[in-house]
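One letter stands for each residue in the lines below.
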Amino acid sequence: MSDEPLFDGEEQPHLLLVDDDPTFTRVMARAMSSRGLRVSTAGSAEEGLLLAQQDLPDYAVVDLKMEGDSGLVLLPKLLELDAEMRVVILTGYSSIATAVEAIKRGACNYLCKPADADDVLAALLTQHADLDSLVPDNPMSVDRLQWEHIQRVLAEHEGNISATARALGMHRRTLQRKLQKRPVRR
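From a predicted model like this one, the values you see are computed outputs, not experimental measurements.

**Things to note about the pattern of salt bridges**
Line of reasoning, step 1. Overall, the coordinates contain four salt bridges when judged by the stated rule.
Line of reasoning, step 2. With a shortest N-O distance of 2.8 Å, Arg105 and Glu101 are connected by a salt bridge.

**Side note on helix 4 (residues 96-104)**
Line of reasoning, step 1. Turning to helix 4, its buried residues number three or more, namely Ala97, Thr98, Ala99, Glu101 and Ala102.
Line of reasoning, step 2. Just beyond helix 4, the residue with positive phi is Gly106, at close to 115°.

**Here we look at unusual backbone geometry**
Excluding glycine, residues mostly carry a negative phi; peptide bonds, for their part, are mostly trans.
Line of reasoning, step 1. Of note, Glu158 is a non-glycine position whose phi angle comes to about 50°, a positive value.
Line of reasoning, step 2. Turning to its location among the elements, Glu158 is positioned in the loop between helix 6 (142-156) and helix 7 (161-168).

**Thoughts on the sheet that holds strand 5 (residues 109-112)**
Line of reasoning, step 1. Taken in spatial order, the five strands make up an open sheet running 2-1-3-4-5, and their pairing is parallel. Two strands in the sheet have a free side with no partner beyond their single neighbour: strand 2 (38-42) and strand 5. If you compare each strand with its neighbour and ignore which way they point, the axes differ by 20° on average.
Line of reasoning, step 2. Here four bridges tie strand 4 (residues 86-91) to strand 5, and the two strands are oriented parallel to one another. Considered in strand 5, the bridge of Val88 is made with Asn109.
Line of reasoning, step 3. Those strands touched by helix 1 (residues 22-34) are strand 1 (14-18), strand 2 and strand 4, and its axis lies near 170° from that of strand 2.

Calculation rules
- Residues numbered from 1 in each chain as written.
- Predicted model: local features only at pLDDT ≥ 70, side-chain atom pairs only at ≥ 80, totals over all residues.
- Heavy atoms only, no water.
- Salt bridge = Lys/Arg side-chain N within 4 Å of Asp/Glu carboxyl O.
- Buried < 20%, exposed > 50% of the residue type's maximum accessible area, 1.4 Å probe, protein only.
- Helix = DSSP H or I, 4+ residues; strand = E, 2+ residues; numbered from the N terminus.
- Pairing = 2+ DSSP bridges.
- Axes fitted to C-alpha atoms, helices over the stretch in contact; angles between N-to-C directions.
- Contact = heavy atoms within 4.5 Å.

Rendered as structure tokens:
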């Protein structure tokens, strides 16, 4: 794909970008605008929901982890406004558990950062997410398996740290320290 507009009809499709990284948001908004989309940006899930209620988007790209509500909390709220909206969850903290949860909640796709405008556009326009592509060919390390398990239990408890710590049988502060670390690659 290139920077040439893909959408050049009378009505520009509307894309909502929700990410707490202003630099990423600005660069992605410019790139998507050059591809023929009308772009709105928000720095939080709450702000994104307000924008979507005022001007319903055709597409949304939502960051998973943000201050306040996560992208997984915003996702069903966006789909309540329009069940046909195509939403991609974008994250720098990818895990199989959150990918599966995002798809279950209605995301059309799930992308790991860094992702460029072509990756995002392809994810928005792809009919079905391929969950098999999220499962690596080589086995994960014990540290990665632990991280995946923590993410799955955290998703089951809707991001509640205290409930997750109780379910895992660990102290809340220990869990918080583990969650602050970058995910183990393999």
